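Here is how the chains run, residue by residue.
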Amino acid sequence: MNMRTKEIQGALWSTAPADWARLFEPVFIPMYEGVLQQLKLDEEKMLLDAGCGSGLFLSMASSTGASIHGIDAAPGLLEISKERLQGVTLLTEDLEALPFIDGTFDVVTGFNSFQYAGSFVNALAEAKRVVKKHGRVVIGIWGKKEMCEASAILSAVGSLMPPPASGTPGPFALSEDGKIESICEPFGLKVINKQTVLCPMSYNCDEDLLKAFLCTAPCVKAVQIAGEEAVKQAIIESAQPFSVAEEVYYMKNYFTFFITHKS
């Protein structure tokens, strides 16, 4: 992530951080639980969450006794993390330039973050650099578009913007089969565990549905280009197939996490 990418993403994700923390971040809880079950953290481990957002995963990880640290490009989200996690090292930093010496951490996690780096190869290389030999780098991403009903909304919003250039950061930038393995393995991160988990979205009114999506970087960018009313209309119309009752929405989405081992 060059500095401009960091600044752009940081601003986009800071637009409505309280809405993200309340309405979108909890969607990832099944993935967070699955990762914590596999990692078996304890008081002797040091963890860095790269792209920690509003700190929900770190809050869950804190119960293990591990020494936890977080970085994110979005100052707004980090403010919520700091409220949740008193006394924890939380820094506004760049995924592609982590401010830690080589081999600092036992585990580095990145949930819904690496795909937004200007170069996810560079971001993963940095994660590898700061993790200890035989440590773990965890990558959590959206599943393939056809496995995520929310992709219908993101596609509808995306249609309001010019087509993105090849390699542009985005929700599904790392989701195609074999993509993570092809990036990790050439520079010494071996995938030792891969799991796909159901992370459903449920909203009980149009207002919460709109707030949930309007706080995400893709929708914030669309608002800047097409205007808020056009984006709201796209969200509501594309969500109708997932309406289970009046103003009640339920979307099945599958996320995949990869646990890699640094050789």
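Above this text sits the structure in question.
These numbers were taken from a predicted model, which means no experiment stands behind them. (Residues numbered from 1 in each chain as written. Predicted model: local features only at pLDDT ≥ 70, side-chain atom pairs only at ≥ 80, totals over all residues. Heavy atoms only, no water.)

## Comments concerning the sheet that holds strand E8 (residues 243-245)
Sheets are built from strands that pair by backbone hydrogen bonding, the pairs being arranged parallel or antiparallel. In space, the three strands of this open sheet follow the order E7-E9-E8, with antiparallel pairing throughout. Strands at the two margins of the open sheet, each flanked by one partner only, are strand E7 (201-203) and E8. For this sheet, the mean angle separating the axes of adjacent strands, direction not counted, is 25 degrees. Judged from the two bridges that link them, E8 and strand E9 (residues 248-251) form a sheet pairing that is antiparallel. In the strand pairing of E9, serine 243 is matched with tyrosine 249. Of the strands in this sheet, E7 and E9 are in contact with helix H9 (residues 206-214), which crosses E7 at around 135 degrees. (Pairing = 2+ DSSP bridges. Helix = DSSP H or I, 4+ residues; strand = E, 2+ residues; numbered from the N terminus. Axes fitted to C-alpha atoms, helices over the stretch in contact; angles between N-to-C directions. Contact = heavy atoms within 4.5 Å.)

## A word on the pattern of salt bridges
Applying the stated rule across the entire model yields eleven salt bridges. The salt bridge partner of aspartate 208 is arginine 22, with a shortest N-O separation of 3.3 Å. Taken as a pair, aspartate 208 in helix H9 and arginine 22 in helix H2 (residues 17-24) lie far apart in primary sequence, 186 residues in all. Put simply, lysine 194 and glutamate 181 hold a salt bridge, and the shortest N to O gap is 3.9 Å. One end of the pair, lysine 194, is in strand E6 (residues 189-198); the other, glutamate 181, is in helix H8 (residues 179-184), and 13 residues separate them in sequence. Through salt bridges with shared partners, one network takes in Asp102, Glu126 and Arg129. (Salt bridge = Lys/Arg side-chain N within 4 Å of Asp/Glu carboxyl O.)

## Re the sheet that holds strand E2 (residues 67-72)
Strand order in the open sheet made by the seven strands is E3-E2-E1-E4-E5-E10-E6, with mixed pairing throughout. With one partner strand each, in any of the chains shown, strand E3 (89-92) and E6 form the two edges of the open sheet. Here the strands of the sheet are splayed against their neighbours by 15 degrees on average, with no regard to which way each runs. Where strand E5 (residues 131-142) lies against strand E10 (residues 254-262), seven bridges are found, and the strand directions are antiparallel. Across the sheet, arginine 136 pairs through a bridge with histidine 261, a residue of E10.

## Side note on unusual backbone geometry
Not every positive phi belongs to a glycine, and histidine 134 is a case in point at roughly 70 degrees. Turning to its location among the elements, histidine 134 is positioned in strand E5. When its relative accessible area of 49% is taken as the criterion, histidine 134 is described as partly exposed. Here glutamate 247, not a glycine, exhibits a phi torsion of approximately 60 degrees, which is positive. (Buried < 20%, exposed > 50% of the residue type's maximum accessible area, 1.4 Å probe, protein only.)

Read these as geometric descriptors, not functional statements.
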